[in-house]
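Observations on the three-dimensional arrangement
Here is what each chain is made of, one letter per residue.
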Amino acid sequence: MDGTVYLDYAATSAVRPEAVIEAVAAYLRDVGATPGRAGHRRSVEAGRVVLRCRRALAELFGIAGDPGRVTFQPSTTQALNVALRGVLRPGDRVVRTAYDHNAIRRPVAALRAHGVRETVLSGSRAGGIDPDEAARALAGDGAPARLLVLPHASSVLGTVLPVAELAALARERGTLVLLDAAQSAGHLPVRVDELGVDLLAFAGHKGLLGPQGTAGLWVREGVEVEPLLLGGTGGDSSPEGMPAALPDRLEAGTLNGPGIAGLLAGVRWLLGEGIEAVRAREVDLKARLHAGLSATPGVRVLSPAAPEGVGIVTVAAEGTGAHELARRLDREHGVLTRAGLHCAPESHGVLDTRGEGAVRFSIGWATTAAEVDRALDAVAAICAGPAGAARSGHNLQGGSPMEDTA
Ligand SMILES: Cc1ncc(COP(=O)(O)O)c(C=O)c1O
């Protein structure tokens, strides 16, 4: 693209396949109407695009039933809010983990004020969960938890949780499972039946390569989710209440037609390539990045090598603060990373980096070995020189105004 090395795919896939860009442009140029609202041809075509995208996502996630249970949401954050607030009631207990993004931690904290209790499973530097601790937390004192929330992959460590095993523990106790697949969808196989989850929140704009403003929530047949937003759905307009059936029940307001058209192209691209092929490339590149950073004097690699994980490697550098390192990587070398707490302060607590956070390198579908090598050379050059802080006089604790959004 612009000569930079983009290594912030965990925030969003800023580099997208041409087919995605073309699909957004084609939708805006040739369709442009509101999906599911009017009966005219443009609106009908818009509705077809949306349905094709639900079907493509159902294929990707191994959803055998009604693709209409794949609902579109404007962000993973909203998908998680819909699930948490739509399932949990006063008196319920939710079990979550120390690896959670603020998109889980904050809604759960707000629900505590409404009588929802939470149990947080401890994290470790290796990125695992103790199954005995999980079993005890799920069982409670004779009152099993209503919901287990798991991040499939950690946005800070890049490690992957054993979702199928933990979900089986939950199922034995009648506990529903909500999976946050923001960091795994498009990078790992995510198949709802193999994993045994009941609700799946996913980002459209990260591994699925769609535009920002796309995400979704799938709800298993038989699971009730109260709507978070109330409003127009296009059909069944007379009643005051929201329609009973999905997807309309959870999709008040005009859908993001151009975004969904782009997401459809992204998911089709992934289905065409095959997740396993995309994954094999990312695993090799992550190993190269992890080994190279581990061998760089002055760099402390915080993420485990975790070949079964996703393409995230988070580091701290001796003598150079996280924000300073990311700033110099960008300004001096055109290498784009993300510094800070990555909206997951508890994970940084586990890593002892809760103060200023750390620098996250994250790879994606378009990353090349040459780009990884350029990033490694850049880190080595910065770490070999006098400490950036001392040289530039920058305030290492202040951070940038954009430090911490994903
Ligand atoms: C694990 C995880 N969950 C949720 C989110 C929130 O996603 P979004 O920015 O699409 O709302 C992110 C974003 O980085 C994430 O990494």
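As the structure is a prediction and not an experimental result, all values here were calculated from the model. (Residues numbered from 1 in each chain as written. Predicted model: local features only at pLDDT ≥ 70, side-chain atom pairs only at ≥ 80, totals over all residues. Heavy atoms only, no water.)

1. So, the sheet that holds strand S7 (residues 199-203)
Note the cut-off: DSSP bridges decide pairing: two strands pair if at least two such bridges lie between them. Helix and strand definitions here come from DSSP, where helices need a minimum of 4 consecutive H or I residues and strands a minimum of 2 consecutive E residues; each element is numbered from the N-terminal end. Only the stretch in contact is used when fitting a helix axis, every axis being a line fitted to C-alpha atoms; angles between N-to-C directions are given from 0 to 180 degrees. Working rule for contacts: check all heavy atoms of both residues, and any pair within 4.5 Å makes them a contact.
The strand order S2-S8-S7-S6-S5-S3-S4 describes an open sheet built from 7 strands, whose pairing is mixed. Only two strands of the sheet have a single neighbouring strand rather than two, namely strand S2 (70-73) and strand S4 (117-121). Along the sheet, successive strands turn relative to each other by an average axial angle of 20 degrees, direction set aside. Here S7 runs beside strand S8 (residues 215-219); their pairing, made up of 5 bridges, is antiparallel. If you follow Ala-201 over to S8, its bridge partner there is Leu-217. Across the face of the sheet, helix H3 (residues 76-87) comes into contact with S2, strand S5 (147-151), strand S6 (176-180), S7 and S8 while running at roughly 160 degrees to S7.

2. Here's the deal with the nonpolar core
Stated precisely, the cut-off is as follows: Here, nonpolar core means buried Ala, Val, Leu, Ile, Met, Phe, Trp, Tyr and Cys residues that are tied together by side-chain atoms lying within 4.5 Å of each other. We call a residue buried when its accessible area falls under 20% of the maximum for its residue type, exposed when it is over 50%, and partly exposed in between, using a 1.4 Å probe and counting protein chains only. Where each domain begins and ends is defined by an automated method or by a domain database.
Residues Leu-57, Phe-61, Leu-200 and Leu-208 are the most contacted members of the largest nonpolar core, which totals 65 residues. For this core, the element with the most residues is helix H2 (residues 41-60), which contributes 8 residues. Counting contributing residues, this core receives three or more from each of domain 1 (5-15 + 274-390) and domain 2 (18-273). Once you skip the residues sitting within four places of it in the chain, Leu-208 turns out to touch Leu-57, Leu-60, Phe-61, Ala-185, Gly-186, Phe-202, Ala-203, Leu-263, Gly-266, Val-267 and Leu-270.

3. Points about the site of the ligand
Let me state the cut-off plainly: Nearness is judged by heavy atoms alone; a residue qualifies as near a molecule or strand once a single heavy atom is within 4 Å of it. Contacts described as polar in this section are N or O atom pairs within 3.5 Å, which, within protein, must combine one atom able to donate a hydrogen with one able to accept it, while residues neighboring in sequence count only if both atoms come from side chains.
Around the ligand, the structure places 11 residues, and the nearest of them are Thr-76, Thr-77, Asp-180, Gln-183 and Lys-206. The contact in question runs from a nitrogen atom of the ligand to an N or O atom on the side chain of Asp-180, over 2.6 Å. Between an oxygen atom of the ligand and a side-chain N or O atom of Gln-183, the distance comes to 2.7 Å.

4. Points about helix H6 (residues 163-172)
Note the threshold: It is the directions from the helix axis to the C-beta atoms whose arc is reported.
Taken together, the buried positions of H6 are Val-163, Leu-166, Ala-167, Leu-169 and Ala-170. Along the axis of H6, the buried residues cluster in a sector spanning 155 degrees; they form a single face. Turned more than 90 degrees away from the buried face of H6, the exposed residues are Glu-165, Arg-171 and Glu-172. For H6, the elements touching its buried residues are helix H5 (131-139), S5, S6 and helix H7 (192-195).

5. Digging into the packing of helix H9 (residues 275-294) against helix H12 (residues 369-384)
Geometry of a packed helix pair, given as the angle between the helix axes and the separation of the axes. Which entries qualify depends on this criterion: Oblique is the label for any angle not covered by the other classes, which are roughly parallel (under 35 degrees), roughly antiparallel (over 145) and roughly perpendicular (65 to 115). Each helix crossing is assigned a hand: it is left-handed if the near helix lies turned anticlockwise from the far helix by less than a right angle, otherwise right-handed if that turn is clockwise. Asp, Glu, Lys and Arg are counted as charged, while Ala, Val, Leu, Ile, Met, Phe, Trp, Tyr, Cys and Pro are counted as nonpolar; the rest, among them Gly, fall into the polar class.
In the contact formed by H9 and H12, the axes pass within 10 Å of each other and the chain directions differ by 15 degrees. Between H9 and H12, the crossing angle belongs to the class labelled roughly parallel. As H9 runs across H12, the sense of the crossing is right-handed. Facing Leu-285, Arg-288, Leu-289, Gly-292 and Leu-293 of H9, the residues of H12 in contact are Ala-369, Val-372, Asp-373, Leu-376 and Val-379. Across the contact of H9 with H12, the residue classes break down as 7 nonpolar, 1 polar and 2 charged.

6. With respect to the sheet that holds strand S12 (residues 338-340)
Read across the open sheet, the 4 strands follow the order S9-S10-S13-S12; overall the sheet is antiparallel. The open sheet has two free edges, formed respectively by strand S9 (299-301) and S12, since each of these has just one partner strand. Strand-to-strand, the axes of this sheet are offset by a mean angle of 30 degrees, without reference to chain direction. Along the sheet, H9 contacts S9, strand S10 (312-317) and strand S13 (358-362); its crossing angle with S10, the most-contacted strand, is approximately 10 degrees. Most of the contacts of helix H10 (residues 322-333) go to S13, to which it runs at about 40 degrees, and overall it touches S10, S12 and S13.

7. Comments concerning the pairing of S7
The buried fraction of S7 amounts to 5 of the 5 residues, a majority that puts the element mostly inside the structure. Burial along S7 is two-sided: the residues Leu-199, Ala-201 and Ala-203 and Leu-200 and Phe-202 are all buried. Two elements, S6 and S7, share 3 bridges in a ladder whose sense is parallel. Considered in S7, the bridge of Leu-178 is made with Leu-199.

8. Describing the pattern of salt bridges
Note the threshold: Only one rule defines a salt bridge in this text: a Lys or Arg side-chain nitrogen within 4 Å of an Asp or Glu carboxyl oxygen.
By the definition in use, this model includes 21 salt bridges. Put simply, Arg-48 and Glu-45 hold a salt bridge, and the shortest N to O gap is 3.0 Å. In this pair, Arg-48 and Glu-45 both sit in helix H2, 3 residues apart, roughly one turn of the helix. When its relative accessible area of 45% is taken as the criterion, Arg-48 is described as partly exposed. Note that Arg-288 and Asp-373 form a salt bridge whose closest N and O atoms lie 2.8 Å from each other. With Arg-288 in helix H9 and Asp-373 in helix H12, this pair connects stretches of sequence that are 85 residues apart. For Arg-288, a relative accessible area of 39% corresponds to the partly exposed category. Several salt bridges share partner residues, and in doing so they unite Arg-96, Asp-100, Arg-112, Glu-118 and Glu-346 into one network.

9. Topic: the domain arrangement of the chain
Rule in force here: When two parts are put together, the accessible area they lose, computed with a 1.4 Å probe and summed over both, is reported as buried area.
Here the chain is described as being made up of domain 1 (5-15 + 274-390) and domain 2 (18-273). Look at where the C-alpha atoms of domain 1 and domain 2 centre, and you get two points 27 Å apart. Across the contact, 36 residues belong to domain 1 and 37 residues belong to domain 2. Summing the contributions of domain 1 and of domain 2, the shared interface buries around 3000 Å²; its carbon and sulfur component is 54%. There are 3 salt bridges connecting domain 1 and domain 2. The shortest N-O distance in the salt bridge between Arg-125 and Asp-352 comes to 3.5 Å. At the junction of domain 1 with domain 2, the criterion picks out 18 residue pairs in polar contact (both at pLDDT 80 or more).

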